[in-house]
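Okay, here's what each chain looks like letter by letter:
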Amino acid sequence: MEKAGRPPGLAVVLVGSDPASEIYVRSKGRKTRELGMASFQHILPEETRQDKILQLIEELNADDAVDGILVQLPLPAHIDELSVIRAIDPTRMSMVFTPKAQVVWPPGDQAIPCTPLGCLMLLRDQLGDLTGLANRWDSYC
């Protein structure tokens, strides 16, 4: 924080009023503030048009106070989730999951979200070489 001269900032975007998502977003805001970070919550109505969401993402990408952007999924049916996710600057992307719990990351980008990378590092530390384990995933579930 001293290096940047300000606390890190997390912007959370919630579109609609899904009760579980509202709880999650409130919890993220509370924990962010408890940690001394800046919390920016953008709660948008269900009927918000996709172009308005993309405009907000563009503004957040350009905001020097925002280090991470979290778009709460699922988005309303009229919004193309992948387009919204791809609009986030990869250096500011926080964790993103689809409803099927798969991590979404724009193809071809070099950055890796920190949570999955940390999980991989932990697994490698505990299990060693992970080569071929993905093919046996079902046996672990």
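Predicted, not measured: the structure shown is a model, and the values here were computed from it.

Peer 1: Go over the nonpolar core with me, naming the residues and quoting the values.
Peer 2: In terms of nonpolar packing, the biggest core is built from 17 residues, with V13, I57, L60, I69, V71, L75 and V84 touching the most fellow members. Counting only elements with at least two residues in this core, the list comes to strand 1 (9–15), helix 2 (50–62), strand 3 (68–71) and helix 3 (81–87). Here the element with the most residues in this core is helix 2; it accounts for four residues. Residues contacting I69, with those up to four places away along its chain left out, are L10, A11, I57, L60, N61, I88, R92, M93 and S94. With five residues, the next largest nonpolar core counts V12, L14, V25 and L70 among its residues.

Peer 1: Lay out helix 1 (residues 19–34) in plain terms, naming residues and giving numbers.
Peer 2: With 16 residues, helix 1 should cover 22 Å at 1.5 Å per step; its first-to-last C-alpha distance of 23 Å lies within 8% of that length. If you check which residues of helix 1 are buried, you get S21, V25, G29 and T32. One side of helix 1 carries all its buried residues, which in axial view fall inside an arc of 75°. Away from its buried face, by an angle of more than 90 degrees, helix 1 presents the exposed residues P19, A20, I23 and E34.

Peer 1: Please provide a residue-by-residue account of the confidence of the model for the protein, values included.
Peer 2: Confidence in the prediction of the protein, expressed as mean pLDDT, is 81, and 75% of residues score 70 or more. By mean pLDDT, helix 4 (residues 114–127) is the weakest element of the protein at 74, and helix 2 is the strongest at 97. Scored below 50 in pLDDT, residues 97–102 makes eight contacts in the model with residues more than four places away or belonging to other chains.

About the thresholds
Residues numbered from 1 in each chain as written. Predicted model: local features only at pLDDT ≥ 70, side-chain atom pairs only at ≥ 80, totals over all residues. Heavy atoms only, no water. Core = buried A, V, L, I, M, F, W, Y, C linked by side-chain atoms within 4.5 Å. Buried < 20%, exposed > 50% of the residue type's maximum accessible area, 1.4 Å probe, protein only. Helix = DSSP H or I, 4+ residues; strand = E, 2+ residues; numbered from the N terminus. Contact = heavy atoms within 4.5 Å. Expected span 1.5 Å × (residues − 1). Arc of directions from axis to C-beta. pLDDT = per-residue confidence, 0-100.

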